[in-house]
Amino acid sequence: MRYERDPLLAGRQAQLRRALAATRDRTLQLVAGLSAEDCMVQSMPDASPVKWHLAHTTWFFETFVLERAQPDFAAFDPAYRVLFNSYYAGVGERHPRPARGLLSRPDLETVHAYRLHVDNALDRLFAVPIAAPVLDLIELGIHHEQQHQELIVTDLKHHFWSNPLHPPHGPLSEIERVAHCATGWLPFSGGLVEIGRRGAGFAFDNEAPRHCVWLQPFLLAARPVSNAEYLTFIEDGGYRRPELWLSDGWDTVQREGWQAPLYWHADLRRHYTLGGDRALAPAEPVCHVSYYEADAYARWAGARLPLEAEWEHAALSGWPIHADEGNFLESGRLHPGAANEHGLSQCFGDVWEWTASAYLPYPGFRPAAGAVGEYNGKFMINQMVLRGGSCATPREHIRPSYRNFFSPAARWQFSGIRLARNAR
C-alpha cells in the first residue's frame, strides 16, 4: 500500500497539522505584548533572548523538515543557518551561545516574517501526502518548540528579574490560601520494575529503551517541599553548614554567595514572580533551587532525593495526570500553586523535581541517526535528572517517562524538591 493512501498515515498527518498550528500559535501568544527590547535581552550565558527562541524554533523546521522534504525550498536567509543553530555540530557552524544577545539584527519584525515564511512553506507541505520519516521530524519539531516555550518563560523571568525595576510580565498571581501542614509519606514496595517509554505515543530517544530496574522498598513524600519548610532550613543555618553540602555544592554556595533560592528577597519574606514582587506563600512548593540545594535540604531533613526509577515507578502507581491536577503552562499562572494533598500530590506540573540520578543513557540506548541524534545523547554527562514538569511546561508535553536534565548548579528553571526515604 502506498503511504499516501494509508488512512492511518493520513490521520496522523492531519493530527500533526493541527498540533503544529496550535503549538506555533501558543508561542506567539506567550510573547504577545513584549517589546522588541524585551525580546533582545540576554541576562546570562545560559539563557537566550526571546527573539532567538522565536527564530531557532523556526530554524528547526526549516533545517530538518523543509530542506529534507522540499529539495527546491528557498531559505528565507542563508545566514540564519549559522545564527540560529543551537548545538547541532552536524549541521555546521554556530553563533556562540553567550553572544546571542548581541544579535540586534535581524530585528524582531524580520524574525516574525521568517516565522511566517516557514509556516507558509509548512502549510504547502501539508497540502500533499507526507512520508512517515518527515512526519516523525515534524512531530519532533512540535515537541522541540514546546520545550522552547518553557525556556521562553524561564529565560524571560531571569531577564526581568535582572532589571532593578523587577517589571512584571503579566498579572500578579493570587496567593492561594491553603493551610500549611506536614507532609505524609507513601510506601512503595520496590522489587523488579520497568521504566522508560511505553505505548505508541511520542517520546524522546532518551526515554528508551524500556528496561527493568531493581528497587529496594522506599517511601516518597506525598507533596513537594514547601516554602515554609525550606525557610526553616535557611533559618537553621542551612547555607552556612558545610556538612550538609556536597563538595561542589559548598564551593558553589561560597563562590556565588547563595543564601536562599533564586528570586527570593534578602528579607526571606518576598520573592520575584513573573507578575512582579510578591509575598512568599508558605504552602507553595519551594522553587528555583539547584540540585545542590535540593540535596543539602534532603540531608538536613534526614531524607534523600528519589532515584529517577523510584520517581517514575511511583508516578505510574495509579496516579495519572488529571485535568484538575497540576499547574501547567495552559493555566497562564506561570507560578507554582499550593498542594491540595491527596495521595501523591503535584507529581506533574508546578515544579520540576530533582532526582538523585545522573543523566545517563538507558541500557541499549541508541541516538537517532543524523544531526537530530545530537538532540539528547551528547548531553549525557555532568547533568542531573528532573521529573514531572512545571508551571511553564505545556500539559501535553509531559508524561511519566519524560527525562529533563540540567547541571547541578542550575536553578533558573522552575525546579523544586520531593523527598524520599529508605523503607528499611
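Residues numbered from 1 in each chain as written. Predicted model: local features only at pLDDT ≥ 70, side-chain atom pairs only at ≥ 80, totals over all residues. Heavy atoms only, no water.

What follows covers the overall build of the chain. A tally of regular secondary structure across the chain gives nine helices and 11 strands. Relative to a compact globule of 424 residues, whose C-alpha radius of gyration would be 22 Å, the chain shows 22 Å and is just as compact. Relative to its 424 residues, the chain shows a buried fraction of 55%. Carbon and sulfur atoms form 55% of the exposed surface of the chain, whose accessible area is close to 18,100 Å². Placing the 41 positive and 48 negative side-chain charges of the chain at their respective mean positions leaves the two points 3 Å apart. (Helix = DSSP H or I, 4+ residues; strand = E, 2+ residues; numbered from the N terminus. Rg over C-alpha atoms; globule rule 2.2 N^0.38 Å. Buried < 20%, exposed > 50% of the residue type's maximum accessible area, 1.4 Å probe, protein only. Areas by Shrake-Rupley, 256 points an atom, 1.4 Å probe, with all protein chains shown as cover. Lys, Arg positive; Asp, Glu negative; His and termini not counted. Charge placed at Lys NZ, Arg CZ, Asp CG, Glu CD.)

Bridge count for strand β5 (residues 270–273) against strand β6 (residues 276–279) is four bridges, and the pairing is antiparallel. Residue Thr-273 lies in a different strand from β6, and its bridge partner there is Gly-276. Here β5 folds back onto β6 in antiparallel fashion, the turn holding two residues. (Pairing = 2+ DSSP bridges.)

The topology assignment puts Thr-393 in the loop between β8 (384–387) and β9 (404–406). Side chain to side chain, Thr-393 and Glu-150 meet in a polar contact 2.6 Å long. With near-sequence residues (within four places) excluded, Thr-393 lies in contact with Glu-150, Phe-328, Leu-329, Glu-330, Trp-352 and Ile-398. (Polar contact = N/O pair within 3.5 Å; in protein donor to acceptor, adjacent residues only side chain to side chain. Contact = heavy atoms within 4.5 Å.)

Glancing now at the packing of helix α2 (residues 50–69) against helix α5 (residues 132–161). Across the interface, α2 lies against α5 with an axial gap of 9 Å and an inter-helix angle of 175 degrees. In terms of axis orientation, α2 runs roughly antiparallel to α5. (Axes fitted to C-alpha atoms, helices over the stretch in contact; angles between N-to-C directions. Parallel < 35°, antiparallel > 145°, perpendicular 65-115°, else oblique.)

A separate point is the nonpolar core. Counting 114 residues, the largest nonpolar core has Phe-84, Ile-138, Tyr-230, Phe-233, Trp-264 and Ile-417 as the members making the most contacts within it. With sequence-adjacent residues up to four places away left out, Phe-84 is seen in contact with Trp-52, Ala-55, His-56, Trp-59, Leu-103, Pro-106 and Tyr-114. Among the nonpolar cores identified, the runner-up in size contains five residues, and Tyr-359, Phe-365, Met-380 and Val-385 belong to it. (Core = buried A, V, L, I, M, F, W, Y, C linked by side-chain atoms within 4.5 Å.)

Attention now goes to α2. The first and last C-alpha atoms of α2 sit 28 Å apart over 20 residues, in line with the 28 Å expected at 1.5 Å per residue. Residue Glu-62 marks the point of greatest curvature in α2, where the axis turns by about 30 degrees. Counting buried positions along α2 gives 17 out of 20 residues, so the element sits mostly inside the fold. (Expected span 1.5 Å × (residues − 1). Bend = angle between axes of the 7 residues up to and from the residue.)

Counted under the stated rule, the structure contains zero disulfides. Here Cys-391 stays free of any disulfide, with the sulfur of Cys-287 as its closest cysteine sulfur at 6.0 Å. (Disulfide = S-S within 2.5 Å.)

With that settled, the discussion passes to the packing of α2 against helix α4 (residues 108–126). As a packed pair, α2 and α4 sit with axes 10 Å apart at the nearest point and diverge in direction by 30 degrees. The angle between α2 and α4 places the two elements in the roughly parallel class. Between α2 and α4 the crossing geometry is left-handed. Of the residues in α4, those touching α2 at Lys-51, Leu-54, Ala-55, Thr-57, Thr-58, Trp-59, Phe-61, Glu-62, Val-65, Leu-66 and Ala-69 are Leu-108, Val-111, His-112, Tyr-114, Arg-115, Val-118, Ala-121, Leu-122 and Leu-125. For the contact of α2 with α4, a count of residues per class yields 14 nonpolar, three polar and three charged. (Left-handed = near helix turned anticlockwise from the far one by under 90°. Nonpolar A, V, L, I, M, F, W, Y, C, P; charged D, E, K, R; others polar.)

Turning our attention to the layout of surface pockets. Any space left empty among the atoms is revealed by the rolling of a water-sized probe across them. Put simply, the largest pocket is a space of about 910 Å³. Around the largest pocket, the lining comprises 40 residues; the ones closest to its centre are Tyr-87, Arg-97, Leu-151, Phe-405 and Phe-406. Of all the elements, α5 adds the most residues to the lining of the largest pocket, at eight residues. Classifying every residue of the lining of the largest pocket by side-chain character gives 15 nonpolar, 18 polar and seven charged. The computed volume of the second largest pocket comes to approximately 440 Å³. (1 Å grid on protein atoms, 1.4 Å probe; cavity = no way out; pocket = protein on both sides within 12 Å on 5 of 7 lines; lining within 4 Å. Points joined across faces, edges and corners; volume = space filled by probe spheres on them.)

The strand order across the open sheet formed by three strands is β1-β4-β11, and the pairing between neighbours is antiparallel. The two strands at the open ends of the sheet, each matched to only one other strand, are β1 (185–188) and β11 (420–422). When the angles between neighbouring strand axes are averaged without regard to direction, this sheet yields 25 degrees. Relative to strand β4 (residues 218–221), β1 is paired through four bridges, and the arrangement is antiparallel. Each residue of the ladder has a partner; that of Trp-185, found in β4, is Ala-221.

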